[in-house]
Amino acid sequence: MTVSNGTARDAAVFLDRDGTIIEDRGHLKDSRDVVLLPGAVDALLRLQEKYRLFVVTNQPGVSRGEISAEDAMMINRHLDAVLREYGIDIERWYVCPHDRAEKCECSKPSPYFLKQAAADFNIALNKSFFIGDHPHDAMTGFNAGAFGIHVCTGHGMHHIGQLAWDILVFRDLYDASGWIMRHPDPVNDIAEVARKGAEIIRSGGLVAFPTETVYGLGANAFDYHAAARIFEAKQRPAFDPLICHVASVEQVMDLAAEWPEKAALLAEKFWPGPLTMILPKRPEVPDLVTSGLPSVGIRMPANRIALELIKAAQTPIAAPSANLFGRISPTRAEHVREQLEDRVDLIIDGGCCRVGVESTIISFAHDIPVMLRPGGISAEQIEAVIGPVARKPEKPVISAPEGPGMLLSHYAPSTPMKLVDKVEQLDDDPKTGYLLFTGWAGIPVADNIEILSPGGDMAEAAANLFAAMRRLDALDLSEIIAEKVPEEGVGAAINDRLHRAAWKEEN
Ligand code: TXA
Ligand code: MG
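Nothing here was measured: the structure is a model prediction, and the numbers come from that model.

Draft legend 1. Summary view of empty space enclosed by the protein. Applying the stated criterion across every chain yields a total of two cavities of 30 Å³ or more. Roughly 60 Å³ of volume is contained in the second largest cavity. Lining the second largest cavity are 13 residues, and of these Trp165, Ile167, Ala302, Asn303 and Arg354 lie nearest its centre. Broken down by class, the residue content of the lining of the second largest cavity amounts to six nonpolar, three polar and four charged.

Draft legend 2. Quick peek at the nonpolar core. Ranked by size, the top nonpolar core spans 100 residues in total, and within it Ile131, Ile149, Trp179, Trp271, Leu275, Ile298 and Ile382 carry the most contacts. Sort the elements by how many residues they give to this core and helix H11 (residues 304-313) lands first, with six residues. Every residue in contact with Ile149, bar those within four places of it in the chain, is listed here: Phe129, Phe130, Ile131, Gly132, Ala138, Leu168, Phe170, Ala176, Trp179 and Ile180. Counting 27 residues, the second largest nonpolar core, distinct from the first, contains Phe437, Ala482, Ala493 and Ile494.

Draft legend 3. Structural context of the environment of Ala146. For Ala146, the location among the structural elements is in the loop between helix H5 (135-143) and strand E5 (147-151). Note on Ala146: relative accessible area 8%, which makes it buried. Residues contacting Ala146, with those up to four places away along its chain left out, are Leu125, Ser128, Phe129 and Gly141.

Draft legend 4. Expanded view of the pattern of salt bridges. In the structure shown here, the tally under the stated rule is 35 salt bridges. The shortest N-O distance in the salt bridge between Glu23 and Arg25 comes to 2.9 Å. Judged by relative accessible area, which is 29%, Glu23 ranks as partly exposed. Classification of Arg25 as partly exposed rests on a relative accessible area of 42%. The salt bridge involving Arg64 is made with Asp99; its shortest N-O contact spans 2.5 Å.

Draft legend 5. Spatial organisation of the sheet that holds strand E19 (residues 449-451). Reading across the sheet, the four strands line up as E17-E20-E18-E19 and stay open at both edges, with parallel pairing between neighbours. Edge positions in the open sheet fall to strand E17 (417-420) and E19, since each of these has one partner strand only. With strand direction ignored, the average angle separating the axes of adjacent strands in the sheet is 15 degrees. Strand direction decides the pairing type here: strand E18 (residues 432-436) and strand E20 (residues 479-483), joined by four bridges, are parallel. The residue bridging Tyr434 from the neighbouring strand is Ile481, located in E20.

Draft legend 6. Structural context of the packing of aromatic side chains. All chains considered together, the criterion is met by twelve aromatic pairs. Their ring planes at 70 degrees and their centres at 6.0 Å tell us that Phe129 and Phe147 sit as a pair that is edge-to-face. Here Phe147 lies in strand E5 and Phe129 lies in strand E4 (residues 129-132), a separation of 18 residues in the sequence. The exposure class assigned to Phe147 is buried, which follows from its relative accessible area of 3%. Three or more aromatic residues joined by ring pairs make a cluster, and in this case those are Phe14, Phe54, Tyr94, Tyr112, Phe113, Phe121 and Phe130. If you follow Arg46 out to its NZ or CZ, it ends over the ring of Tyr174, 4.1 Å from the centre.

Draft legend 7. Layout of the sheet that holds strand E7 (residues 207-209). Ordered by their spatial adjacency, ten strands build an open sheet running E13-E7-E8-E12-E9-E11-E10-E14-E15-E16, and the pairing between neighbours is mixed. Across the chains shown, the open sheet's two edge strands, defined by having one partner strand only, are strand E13 (346-347) and strand E16 (390-391). Here three bridges tie E7 to strand E8 (residues 216-220), and the two strands are oriented antiparallel to one another. Within E8, the position partnered with Ala208 by the bridge is Leu217.

Draft legend 8. Structural context of the side chain of Thr360. Here Thr360 is to be found in strand E14 (residues 360-363). Accessibility expressed as a relative area gives 0% for Thr360, which makes it buried. In this structure, Thr360 is in contact with Pro274, Leu275, Thr276, Met371, Arg373, Pro374, Gly375, Gly376, Ile377 and Ile382, ignoring residues within four places of it in sequence.

Draft legend 9. Structural view of the environment of Gly87. The residue Gly87 is located in the loop between helix H3 (69-85) and strand E3 (90-96) in this model. Judged by its relative accessible area of 42%, Gly87 is partly exposed. Separated by 89 residues in the primary sequence, Gly87 and Ala176 place their C-alpha atoms 20 Å from one another. When neighbours within four sequence positions are excluded, Gly87 is seen to be in contact with Leu45 and Gln48.

Cut-off values and rules
Residues numbered from 1 in each chain as written. Chains lettered and ligands numbered in written order. Predicted model: local features only at pLDDT ≥ 70, side-chain atom pairs only at ≥ 80, totals over all residues. Heavy atoms only, no water. 1 Å grid on protein atoms, 1.4 Å probe; cavity = no way out; pocket = protein on both sides within 12 Å on 5 of 7 lines; lining within 4 Å. Points joined across faces, edges and corners; volume = space filled by probe spheres on them. Nonpolar A, V, L, I, M, F, W, Y, C, P; charged D, E, K, R; others polar. Core = buried A, V, L, I, M, F, W, Y, C linked by side-chain atoms within 4.5 Å. Buried < 20%, exposed > 50% of the residue type's maximum accessible area, 1.4 Å probe, protein only. Helix = DSSP H or I, 4+ residues; strand = E, 2+ residues; numbered from the N terminus. Contact = heavy atoms within 4.5 Å. Salt bridge = Lys/Arg side-chain N within 4 Å of Asp/Glu carboxyl O. Pairing = 2+ DSSP bridges. Axes fitted to C-alpha atoms, helices over the stretch in contact; angles between N-to-C directions. Phe/Tyr/Trp six-rings, centres within 6.5 Å; stacked < 30°, edge-to-face > 60°. Lys NZ or Arg CZ within 6 Å of the ring centre and 35° of its normal.

Encoded structure:
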């Protein structure tokens, strides 16, 4: 047992191995297949300043006979030596070799190894973290009384749909480590930043905060002047109404004059989550918030920081996406900083947005429910609960009385974008960028090519969409060619955003 910097550290970071520190390449038995993920070394170096590091890995391939116990140990010894060369000291490597069917006591999400580390190394689990790319990793942390964090590397994106909604998600180990270093007492730190944000909201200020869809730029929904600051900061035209975010159904009653049964059913099923409902408004909601419409958009976001902020503020928070009007929506705190840093009073960093496209909007302002914007919840999911909903017209229209959010040139990169049904081959021009759904076997890895989901996973594609658009947009390309994705599930929302991003070019 070593304590590298001489201080007695009693807090630990427990790390999954495959997909978190190294590339997930299946059952490893050849040390040449061990490839560190980008940023992993820097992440571990900075975590080590305050935390003792442990690896906890499930290797069911041992039980299944796909690798031997010695293979698993050899890989760990190899990686241990590689990390040691960088000055990183992993205190212990815990391996569960069992298959889930064996119902062993050590397989994640069991806290077995964390309890063992606590006893053997005097670790205070309530000050510790667990980071990994499988839902069981974060769960292991919480089961042990530590704080669990999910990363999008490895299979992290693929599993995002199975993750409990209150788990924080980060792009990779590096981003997660930065957040951990700034939040040594995460539960209290989140409560504290929510309290600080709430104070700003209550005094008429602006707070950018994470939600599961995109980051929001929030103000007190009942404060006309604060709402006006949102429009000013975003340079958003006043005819585009805001969505009000609530933390409880009671708060809906402060905003909406009616709560139809179908709306209640949808709330029951999909809240907290990426669904906004348009309902007749109460007179207390400022006209500016609803752009003069007699209805108000309401949703309960599935993000623990957002909900704590709204609860602490004790008022619904009106929030559009936290980007300049017409630009690409932000899915990480740094995206907000790039565009709005000096225009907001506080930016709360809550990692990355797991859904990645905005909420689905259903209007109850008419006799039958109408879907105004496709989003994180598909039309099929909604119809399964409340029966048929009418769809908005295929092509969005500019400033229709209802659905100004259907503005055509929305979510636009500054590089001209062309939308095609399918990209089948690449042009040699390095000034042309590509935004592809799955790509194909043997497609070159290149800076100007973004693949939303190599495995064709729609949720993963949605979560990657805006960050991919941003990255290509920053390359100073002459054109971005984007291809449509299948219209299924959240694919409809992806195609909708692509359409709008490409609109200038189409016309
Ligand atoms: O996922 C989301 O919904 C994100 C996060 C921050 O919650 N918010 C978001 O807000 O996408 P924003 O401002 O980008 O889109 C709000 C859109 C408006 O453009 C409009 O289409 C629709 O919501 N909307 C809001 N109130 C409405 C109303 N009373 N009637 C019709 N549409 C409304
Ligand atoms: Mg993993």
